[in-house]
Amino acid sequence: MSTKNKARNLNELEVGWRAGAPRARRIAMALYSWQAPGWALLWSFGAGLIFVLAAALSPALLSLAPTVDMIAPVAEARAVAAGQADLAAQHAPFHLLLLMAADLVADAPGRVHLVAKAIGAMIILAPFAYLASTRFPTAFAAFATAALAAFAAAPFSGVAELSLGMLLVCGLSFVSVSADDTASRARIEGVLGGGVLFLIWLLNPAFALIGFLLLSACPFLTGRHGLWRYGAVFLTFAVLAGAMELATPGMNAARALAGPKVLTLQNIFKGGESAFGLAAAAYGAAIVIFMSAIFGGRAHWKNWAAATGLLIAGLIAARLSGANALPVFALAAGLACFSVMSPFYDGLFSDHDRASVASALAAGALSLFWTGVIAIHAAGQFSLQHHAAENAPENIRSELALVQPGGPTIAKWVEEGRFSTPEARELFALGPVDQSAMLLEAAARARTMAAEGFDVAFLTGADTACVLAEVRDCQADGPAAAEKAKVVFVPRLEMDPKTVEAKGRAEALLYTQFKMVERTALWDIWVRRDVSAPANLFPVTEPFYR
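Residues numbered from 1 in each chain as written. Predicted model: local features only at pLDDT ≥ 70, side-chain atom pairs only at ≥ 80, totals over all residues. Heavy atoms only, no water.

Quick word on a nonpolar patch on the surface
Together, W39, L42 and W43 make up a nonpolar patch on the protein surface, roughly 410 Å² of accessible area in all. In this fold, W39 is placed in helix α3 (residues 37-56). Take W39: its relative accessible area is 53%, and that puts it in the exposed class. (Patch = residues over 30% accessible without salt bridge, like charges linked within 9 Å, V, L, I, M, F, W, Y side chains within 5 Å. Areas by Shrake-Rupley, 256 points an atom, 1.4 Å probe, with all protein chains shown as cover. Salt bridge = Lys/Arg side-chain N within 4 Å of Asp/Glu carboxyl O. Helix = DSSP H or I, 4+ residues; strand = E, 2+ residues; numbered from the N terminus. Buried < 20%, exposed > 50% of the residue type's maximum accessible area, 1.4 Å probe, protein only.)

Here it is, written out as structure tokens:
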């Protein structure tokens, strides 16, 4: 009798475990439901466009970087456009091309960076939305597209984040199957992937090498027409690289030499976000991929293998560049959970029980959660940027369009006499707000001198005077601008290592061809020996004119 009761209880338990969960299933089916590719593309593009417009329309850029570091790329882009610098010799040529394009519609350095961010985010948004519309359910396609666009357009994002976002676009194209597995779509996706891979080549050649490693799996993981996609990528990349070589000789050789310098084990282990900082996201992605592998088994090995490969490649790239790896974990989890090859569809739309519904719902919720976190984090940055821009002084917004939290400290203390310049240089590091105050003070005086016919230069790492003080062609760097200038402003406080190097390189030039005519708490002003001193110098500094 006891044995029969135990058997009956076990049967009841088994029946209860395998019973349906209709309400939970309806929620899960909403997460996994698909729409026509056109509608999915529209929803995805619209979700990402919000963050692109937020960057393009912001009045000022919130930055924690030194002010000279934010102005330098703009000056370098203008120097390349004026033919004073070689595009092939630059660290990230495509970023300079973005700045050159943004410089056509914006004037202040911060606005130039914001428009360049918007253009870069749009380059990520358009192909990713097209790819996601036939690879993911509508909800995740929209969430992932918005997250990736927000990641690239966020105020604190830079070249590293842009490169990582583009690599994820390529990864999605190279290792995942499209629901529209036709030859024509494979060719279109191959052209898009090859174009984005070429742009990565111009941003970070080490990322491009990682992209080619992912491409090697394309014929095996992307369906019947994987070879079409593979060939289209190679052909597009070769055509664009050849065209760039004709336009800028030596570009591809320079990129090829730069790649191995970045792709080293030392950079992998020392760079990127702390492991503890992203432990929750890493754990969540690992759980989703592990659930997919258990639930799908060998029949769905391509799904979890593709997600694992994308996770490893993206994580290495993030470590190399120092970018936040959160989008890598979110997209890898989404690929394992929502892709065409995902095993969770079987547990929802065909044979299903409480366990399969719970597994699909948990995996989907985790994937959507982490993509949502990226978008919310970017939205918080935009909110902080808007608040900082509203509270910034008018001259900061109009002349620099760069806002930093906090107020002037060291430069103001020197001007107030609390510390001498040598003491401040020895005891304190110059903050971004101090640099902004220093540069605006020098720019105001330099514009007056330029109006009198004096060519002015600031002896910083880049030719910052052409951006802030004088409308002229930018030179390759600060020392090159000093060689052609009649008046040179030399900062007395150390702004950054490149400025220190520039001052050392130009020291002989200053002492042989210039004479110091004024010394303030923050700047030394030097005038070329065969030129009369400007009229607006302080009378107390006349003895320095010798």
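Once you've had a look at it, read on.
Here's the deal with the packing of aromatic side chains
A full pass over the atoms with the stated rule returns 15 aromatic pairs. Summarising the aromatic geometry, the rings of F295 and F344 are spaced 5.4 Å apart at their centres and angled 25° between planes, so their arrangement reads as stacked. Of this pair, F295 sits in helix α15 (residues 279-296) while F344 sits in the loop between α17 (326-338) and α18 (346-349); the two residues are 49 residues apart in sequence, bridging distant segments of the chain. Judged by relative accessible area, F295 falls into the partly exposed class, the value being 33%. Aromatic side chains F458 and W523 sit 5.7 Å apart centroid to centroid with 40° between the ring planes, which places their arrangement in the tilted category. Remark: W523 occurs in strand β6 (residues 523-528) and F458 occurs in strand β3 (residues 456-458); sequence separation between them is 65 residues. The pair F458 / W523 is uniform in exposure class, with both members buried. Taken together through their ring pairs, the aromatic side chains of F198, W201, F212, Y230, F234 and F237 make up a single cluster. Looking at R185, its charged tip hangs above the ring of Y130, at a distance of 4.0 Å from the centre. A cation over a ring is seen here: R187 above W228, with NZ or CZ 4.7 Å from the ring centre. (Phe/Tyr/Trp six-rings, centres within 6.5 Å; stacked < 30°, edge-to-face > 60°. Lys NZ or Arg CZ within 6 Å of the ring centre and 35° of its normal.)

So, the packing of α15 against helix α16 (residues 301-321)
Two packed helices can be described by the angle between their axes and the distance between those axes. Here α15 crosses α16 at 160°, and the two axes come no closer than 9 Å. On the basis of their axis angle, the class for α15 and α16 is roughly antiparallel. Crossing angle aside, the handedness with which α15 passes α16 is left-handed. Residues I289, S292 and A293 of α15 lie in contact with α16, whose contacting residues are N303, W304, A307, T308 and L311. Partitioning the contact of α15 with α16 into residue classes produces five nonpolar, three polar and no charged. (Axes fitted to C-alpha atoms, helices over the stretch in contact; angles between N-to-C directions. Parallel < 35°, antiparallel > 145°, perpendicular 65-115°, else oblique. Left-handed = near helix turned anticlockwise from the far one by under 90°. Contact = heavy atoms within 4.5 Å. Nonpolar A, V, L, I, M, F, W, Y, C, P; charged D, E, K, R; others polar.)

All quantities given are derived from atomic positions and should not be read as evidence of function.
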